[in-house]
Amino acid sequence: MEKTINLKLKIWRQSAPDAKGELVSYDVKDVSTEMSFLEMLDVLNEDLTKKGEEPVEFDSDCREGICGTCGIVINGIPHGQEKATTVCQLHMRHFKDGETVLLEPWRAKAFPVIKDLVVDRSAFDRIISAGGYISTKTGSAPDANIIAVPKPDAELAMDMAACIGCGACVAACPNASASLFVGAKISQLSLLPQGRIEAATRVQNMVAQMDAELFGACTNIQECEAVCPKEISISAIARMRREYVKAAFK
Amino acid sequence: MRFSQIFSSTIGKKLILGITGLMWATFIVIHLLENLLLLNPDPDPFNKWAHTLISLGPIIYVAELVLVLSLLFHIFYAVRVTWENNRARSISYVKTAGKGGVSKRGLATSSMIYTGILLFIFIVLHLLHFKYGSYYEYEVGGVVIRDLYRTVHEYFSDPLNVTYYIVMMSLLGLHLSHGVWSAFQSLGLNGPRFTPLMTKIGTGIAVFVAIGFIGIPLFVLLTGGAA
Amino acid sequence: MTLDSKIPAGPLAQKWDAHKAAIKLVNPKNKRKYTVLIVGTGLAGASAAASLAELGYHVKSFCIQDSPRRAHSIAAQGGINAAKNYPNDNDSIWRLFYDTIKGGDYRSREANVYRLAQVSNNIIDQATAQGVPFAREYGGNLANRSFGGAQVSRTFYARGQTGQQLLLGAYSALMRQVDAGMVEIFSRREMLDLVVEDGHARGIVVRNLVTGELESYAGHAVVLATGGYGNVFYLSTNAVNSNATAAWRSHKRGAMYANPCYTQIHPTCIPVSGDHQSKLTLMSESLRNDGRVWVPRKKGDKRPPAEIPDEERYYYLEERYPSFGNLVPRDVASRNAKQVCDEGLGVGTTGLAVYLDFADAIREFGEQTIRERYGNLFDMYEKITDENPYKVPMRIYPAVHYTMGGLWVDYNLMSTIPGLYVAGEANFSDHGANRLGASALMQGLADGYFVLPYTINDYLAGVKADKLHTESDAFKEARNAVTERVNKLLAVKGKKTVREIHRELGHIMWNYVGMARNKEGLEKALQEIPKLREEFWSNINVTGSDKNLNKALEQAGRLADYLELGELMARDALNREESCGGHFREESQTEEGEAKRNDEEFSYVAAWEYLGEDKIQALHKEELVFENVKLTQRSYK
């Protein structure tokens with residue numbers, strides 16, 4: 001049932017990419033436990049606006065956990081403590097009255113802060129453009145049923161394709177590695193016969209771009225899988241490595 | 001892709017770490033099995049086995065070279081990867097917390113570079129203490145061979161040395177508890193049945209190695225050292 | 001201005017082929033001399049950008065999100081229709097065409113809808129070739145399911161994330177062209193004006209949402225694929241950044257707005273929990289395949305649902321529509337939910353919800369089967385409401401979901417401004433007064449992959465591939481207009497926040513221009529909205545500056561446009577004195593309370609022309625001609 005709680009928020013405020021940031025404390029009162037975390041921030045921003053202060057900037061769009069836009073590190077955990085949840089789907093009923101909650105942006109050299117809790121994740125787009133596709137021209141596709149795909153492969157490809165590109169894997173990884181994101185895309189495409197044709201060049205180019213963006217190396221800690229809102233398995237990373245080794249012998 | 005490119009990518013570096021790590025893990029397990037002969041009150045079997053190895057001549061030199069080189073590669077790439085991984089997050093969080101669940105984040109994963117460096121120092125000292133340590137000879141069956149058994153037993157009659165070994169071998173266990181399964185994952189060897197098994201085997205090896213290498217010095221100390 | 005739909009002559013089934021054979025081509029060597037600006041990177045925008053770049057055009061692609069992959073097409077769950085007839089259940093292009101035009105309550109063009117059905121099959125082929133992991137059968141072939149009460153299984157799906165997978169497919173095609181140097185991506189850019197030179201669309205003015213700077217881009221053609229305007233209602237299933245600004249700015253530059261009153265209210269959404277609510281979450285209507293909809297028979301019955309015996313439950317859809325029951329179309333299901341709640345029978349703390357009960361299905365098929373069918377939806381419901389739908393019935397309520405209206409386009413998808421094309425939900429074209437389930441994805445991709453890449457050549461072939469510039473008077477004027485507006489928003493420094501006024505607009509729209517409309521209410525809306533608009537411009541409070549990231553400023557600009565668009569929606573709804581599809585006028589219903597069309601007087605597309613500030617838009621009518629289908633009254637009894 002609905003009740004209300006009071007919280008103390010400590011939020012990372014940073015006015016511009018090159019500005020110095022700091023944690024600022026805010027008290028939020030009478031937060032309905034039915035609210036989502038972002039709705040709680042909406043209410044805080046309403047109050048700040050009314051006081052003539054600048055609202056806290058944070059990214060969000062679909063607010064149903066699929067677009068991958070939102071992302072806040074809450075008390076040290078990207079997207080907060082609930083399992084398989086994006087921050088837009090995290091509800092206030094999981095917080096205790098009087099709790100202090102720390103909000104920080106994704107931290108990675110490849111994800112520079114734009115303002116407050118908003119970061120630039122265009123590195124992910126550059127990795128995809130390096131090879132995260134199957135080169136097929138519009139109109140040139142044969143009938144969809146010409147190539148049968150074993151159901152288990154299709155299902156596994158779908159598990160991998162569920163990635164929403166939020167970047168929580170990078171944010172959570174002690175090495176700020178993008179391996180789960182890249183591995184998921186490489187796995188999805190290499191599991192399908194349509195994607196096998198370019199498998200070698202794809203993995204080489206995507207990994208090269210990933211490295212050029214200065215993401216760290218995966219050291220198999222599996223924190224990425226723990227925070228992934230879509231619970232993508234690190235078997236994706238192993239598959240990427242297999243594809244990489246295969247490509248090296250081509 | 002040129003084959004050499006492998007060595008400059010994040011994946012390639014981890015491949016090398018995995019391969020060299022597994023080589024050392026294998027060596028360590030064999031080394032422990034050999035050293036179990038130290039538990040034998042009769043020094044002869046141990047010393048004879050050591051002598052046999054030494055007598056292999058060029059083969060043993062090649063093996064030693066491979067071990068030394070793989071260790072150097074392991075260290076070089078570990079330092080490099082750690083440095084690059086630190087660079088990948090130039091501004092750190094005010095607070096970090098593990099999410100738990102499947103995450104393996106913990107003492108072992110966060111201390112790999114430190115346990116690794118300490119173990120490297122340990123290996124150098126270990127060689128100085130034993131391989132290049134006090135040299136005794138005696139005659140067995142008409143052949144004069146080195147009494148390494150005595151060197152070891154002398155060394156472990158000092159409780160300080162034993163304590164040092166307990167600490168270092170705990171660190172080795174810690175290193176291996178993440179290192180072994182992680183090496184397989186780094187090589188891309190992962191499967192729904194294989195990986196859970198590998199993590200168990202990895203932990204098993206870590207525990208076995210740590211207990212074994214702690215047990216030997218303790219045994220020697222408690223049974224009074226070189227008789 | 002006269003509306004020429006440019007529908008090709010000839011038999012329905014041959015119109016598109018005949019048209020393709022007749023339109024002009026652009027020499028491959030010349031294509032690279034043309035620049036096309038594409039605003040929006042959802043299904044329509046991304047697929048158009050990728051396809052035009054593949055043809056050799058230079059494409060500039062703009063989106064408000066931080067990445068093109070995040071457009072709201074991503075949230076579509078259920079699936080995509082195509083007339084493949086893989087299940088051998090006698091589906092065909094004709095049947096898909098017929099169902100779509102009938103589902104749209106005969107308020108769309110035959111030729112457009114037929115073309116949509118024709119190219120639907122190519123979309124499935126294209127997506128599969130891109131690596132979209134559609135559901136498959138054990139033999140490895142693609143699986144189909146029946147959706148939204150269709151009598152054939154023609155819906156392809158990728159779990160409950162079909163929109164996501166199709167969008168990522170289009171996005172990957174787009175990013176391939178970025179790699180090839182044919183597309184430039186401009187993310188975190190919001191189009192704030194259209195530049196029209198000599199009567200032709202020649203460019204856009206965008207705000208860089210990070211630096212706040214205004215940037216101008218020129219092109220030989222402009223494509224808007226900016227989605228729908230459901231957020232006029234404040235609460236909808238749209239993303240919080242989905243907006244109508246690009247379309248509305250273009251309307252003010254001369255593009256006519258068609259059928260703005262056609263909005264679709266989706267019946268199975270999670271109800272509002274309080275004033276703090278920022279958006280509504282939809283759950284796939286496939287839930288109605290097994291869930292039973294009911295409310296207590298007694299007003300104000302506050303007993304927990306399990307304690308209400310069967311005879312005291314009102315299964316109103318099953319009682320009122322014995323043959324379709326819980327599977328009546330979206331508009332009928334939504335309207336009935338509103339009716340029972342208006343009668344005081346609603347449940348939950350707000351009384352604005354009905355039960356969707358799976359107890360019988362769980363008894364019949366077992367919890368495991370239900371979990372396999374709807375597990376992800378049940379999890380999502382529990383995450384939001386903290387209630388376990390395996391144990392207690394879900395509470396659902398209708399929510400604004402999709403807008404069938406949009407900028408008027410001809411058969412080529414060109415608006416009334418030459419050189420301005422509109423694709424996807426942003427145009428009005430294919431769904432008539434009501435969209436069928438799994439048809440939005442189909443239309444967006446049809447427009448982008450298979451229509452625009454043909455029809456745009458016809459226009460560009462007649463445009464000189466001259467050097468582009470952004471310093472003409474038209475560009476300067478547009479930039480000045482945008483600057484002035486931004487400054488005006490920041491200068492008000494009033495007392496109300498953007499959300500407060502938006503919420504008020506939402507109340508007006510929902511109460512008077514919502515699921516059921518009448519003359520009195522619409523006239524009231526036409527009085528209230530201008531008043532609210534006045535309050536907005538005199539009492540809005542936008543903090544911060546225009547020199548950096550400022551979301552409140554972005555939202556304020558969008559709200560200013562909603563305050564004008566909302567009025568046009570009410571005006572259009574008032575003008576259309578009939579009920580059709582999602583537009584229900586209480587004055588026009590059958591004795592059984594069903595929507596009653598008036599084909600004699602209203603079988604037309606209402607296209608509104610902007611005449612200037614504070615002037616009422618002029619209505620233009622494009623008569624709809626039906627040569628191939630017989631108009632019938634829908635009945636689901």
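Quantities reported herein were computed from a predicted structural model and do not represent experimental measurements.

Enquirer: Can you help me understand the domain arrangement of chain A in this one?
Expert: You'll often see interface size given as the accessible area lost when the parts meet. All names here are of chain A. Domain annotation of chain A identifies domain 1 (4-114) and domain 2 (121-134 + 147-249). At the interface, 19 residues of domain 1 touch 20 residues of domain 2. When the buried area of domain 1 at its contact with domain 2 is split by residue, Pro78, Ala110 and Phe111 rank highest and sum to 33% of it. Our enumeration of links across domain 1 and domain 2 arrives at two salt bridges. A salt bridge links Glu231 to Lys83; the shortest N-O distance between them is 2.8 Å. Across the side of domain 1 that touches domain 2, the residue classes tally to ten nonpolar, six polar and three charged.

Enquirer: What is the right way to look at the sheet that holds strand β8 (residues 214-218) of chain C in this model?
Expert: The pairing of strands in a sheet happens through backbone hydrogen bonds and is either parallel or antiparallel. Residue and element names in this part refer to chain C. The three strands are arranged β6-β7-β8 in an open sheet whose pairing can be described as antiparallel. The sheet is open, and its two edges are formed by β6 (189-197) and β8, each paired on a single side. With strand direction ignored, the average angle separating the axes of adjacent strands in the sheet is 25°. Bridge count for strand β7 (residues 200-208) against β8 is five bridges, and the pairing is antiparallel. What sits directly across from Val206, in β8, is Glu215. Along the sheet, helix α13 (residues 473-491) makes contact with β6, β7 and β8, crossing β6 at roughly 140°.

Enquirer: When you look at the pattern of salt bridges in this model, what are you seeing that I'm missing?
Expert: A complete count under the given rule lists 72 salt bridges over all chains for this structure. Notably, a salt bridge pairs Lys115 of chain A with Glu54 of chain A, separated by 3.1 Å at the nearest N-O pair. Residue Lys115 of chain A is located in strand β6 (residues 113-115), and its partner Glu54 of chain A is located in the loop between α1 (37-50) and β3 (73-74); the two are separated by 61 residues in the primary sequence. Here Lys115 of chain A falls in the buried class, since its relative accessible area comes to 3%. Its relative accessible area of 36% is what places Glu54 of chain A among the partly exposed residues. Lys252 of chain C is the partner of Glu613 of chain C in a salt bridge, and the nearest nitrogen-oxygen pair spans 3.4 Å. Here Glu613 of chain C, found in the loop between β18 (604-609) and β19 (618-623), pairs with Lys252 of chain C, found in helix α7 (residues 245-252); they are 361 residues apart in sequence, far enough to count as distant. The structure contains a network of salt bridges with shared partners spanning Asp59 and Arg121 of chain A together with Asp66, Arg70, Arg188 and Lys551 of chain C.

Enquirer: Sorry, what's going on with the packing of aromatic side chains here?
Expert: Each aromatic ring pair is summarised here by two numbers: the centre-to-centre distance and the angle between the ring planes. Applying the stated criterion across every chain yields a total of 43 aromatic pairs over all chains. Residues Tyr155 of chain B and Tyr165 of chain B carry aromatic rings whose centres are separated by 5.9 Å and whose planes lie at 75° to one another, so their mutual orientation is edge-to-face. Note that Tyr155 of chain B is positioned in helix α6 (residues 148-155) and Tyr165 of chain B in helix α7 (residues 159-186), a separation of ten residues in sequence. Across the pair, exposure class does not vary: Tyr155 of chain B and Tyr165 of chain B are buried alike. Taking the centre distance of 5.9 Å and the plane angle of 80° together, the rings of Tyr86 of chain C and Phe156 of chain C count as edge-to-face. On the criterion of sequence distance, the pair formed by Tyr86 of chain C in the loop between β3 (80-81) and α4 (93-103) and Phe156 of chain C in strand β4 (residues 155-156) is long-range, its members being 70 residues apart. Taking the relative accessible area as the measure of exposure, Tyr86 of chain C reaches 25% and is therefore partly exposed. Taking relative accessible area as the criterion, Phe156 of chain C reaches 0% and is therefore assigned buried. Pairwise contacts between aromatic rings join Phe122, Phe130, Tyr155, Phe156, Tyr164 and Tyr165 of chain B into one cluster. The side chain of Lys104 of chain B reaches across the aromatic face of Trp181 of chain B, ending 4.4 Å from its centre.

Enquirer: How should I be thinking about the interface of chain B and chain A in this particular structure?
Expert: With 38 residues of chain B at the interface, the matching set in chain A holds 53 residues. In total, chain B and chain A occlude about 3800 Å² of area from one another, counting both sides; carbon and sulfur atoms represent 57% of this. Across the contact surface, chain B and chain A share one salt bridge. Here Glu223 of chain A makes a salt bridge to Arg105 of chain B, at a shortest N to O gap of 4.0 Å. Our enumeration of links across chain B and chain A arrives at 27 residue pairs in polar contact (both at pLDDT 80 or more). Of all the elements in the fold, those that place two or more residues in the side of chain B that touches chain A are α1 (10-35), α3 (58-87) and α7 of chain B.

Enquirer: What am I meant to see in empty space enclosed by the protein here?
Expert: The method is simple in principle: a probe with the dimensions of a water molecule rolls over the atoms, and the space it marks as empty is what remains. Counted under the stated rule, the structure contains 14 cavities of 30 Å³ or more. Its volume calculated, the second largest cavity comes out at about 570 Å³. If you list the elements that add at least two residues to the lining of the second largest cavity, you get α1 of chain A together with α14 (498-512) and α16 (551-575) of chain C. The dominant element in the lining of the second largest cavity, judged by the number of residues it contributes, is α16 of chain C, at six residues. Broken down by class, the residue content of the lining of the second largest cavity amounts to nine nonpolar, 13 polar and nine charged.

Enquirer: Where do I start with the state of the cysteines in this structure?
Expert: Every disulfide links exactly two cysteines, by a covalent bond between their sulfur atoms. Residues and elements named next belong to chain A. For the coordinates displayed, the defined rule picks out zero disulfides over all chains. Between Cys163, a free cysteine, and Cys169, which holds the nearest cysteine sulfur, the sulfur-to-sulfur gap is 6.5 Å. Taking the relative accessible area as the measure of exposure, Cys163 reaches 14% and is therefore buried. Here Cys224 is not disulfide-linked; the sulfur of Cys218 is the nearest cysteine sulfur, at 6.3 Å.

Enquirer: Quick question: what am I supposed to make of the interface of chain A and chain C here?
Expert: At the junction of the two partners, chain A supplies 78 residues and chain C supplies 76 residues. Glu155 of chain A is the partner of Arg159 of chain C in a salt bridge, and the nearest nitrogen-oxygen pair spans 2.9 Å. Secondary-structure elements contributing two or more residues to the side of chain A that touches chain C are α1, β6, β7 (118-119), α2 (122-129), α3 (151-161) and α5 (179-191) of chain A. For the side of chain A that touches chain C, the element with the most residues is α3 of chain A, which contributes seven residues.

Enquirer: What am I meant to see in the sheet that holds strand β10 (residues 257-258) of chain C here?
Expert: Residues and elements named next belong to chain C. One open sheet accounts for four strands, arranged β16-β10-β18-β19; its pairing is antiparallel. Of all the strands in the sheet, just β16 (406-407) and β19 have a single pairing partner and so form its edges. Across six bridges, β18 lies against β19 in antiparallel orientation. When the bridges of β19 are listed, Ala606 appears paired with Lys621.

Calculation notes
- Residues numbered from 1 in each chain as written.
- Chains lettered and ligands numbered in written order.
- Predicted model: local features only at pLDDT ≥ 70, side-chain atom pairs only at ≥ 80, totals over all residues.
- Heavy atoms only, no water.
- Domains from an automatic or database assignment.
- Contact = heavy atoms within 4.5 Å.
- Buried area = accessible area lost by both parts, 1.4 Å probe.
- Salt bridge = Lys/Arg side-chain N within 4 Å of Asp/Glu carboxyl O.
- Nonpolar A, V, L, I, M, F, W, Y, C, P; charged D, E, K, R; others polar.
- Pairing = 2+ DSSP bridges.
- Helix = DSSP H or I, 4+ residues; strand = E, 2+ residues; numbered from the N terminus.
- Axes fitted to C-alpha atoms, helices over the stretch in contact; angles between N-to-C directions.
- Buried < 20%, exposed > 50% of the residue type's maximum accessible area, 1.4 Å probe, protein only.
- Phe/Tyr/Trp six-rings, centres within 6.5 Å; stacked < 30°, edge-to-face > 60°.
- Lys NZ or Arg CZ within 6 Å of the ring centre and 35° of its normal.
- Polar contact = N/O pair within 3.5 Å; in protein donor to acceptor, adjacent residues only side chain to side chain.
- 1 Å grid on protein atoms, 1.4 Å probe; cavity = no way out; pocket = protein on both sides within 12 Å on 5 of 7 lines; lining within 4 Å.
- Points joined across faces, edges and corners; volume = space filled by probe spheres on them.
- Disulfide = S-S within 2.5 Å.

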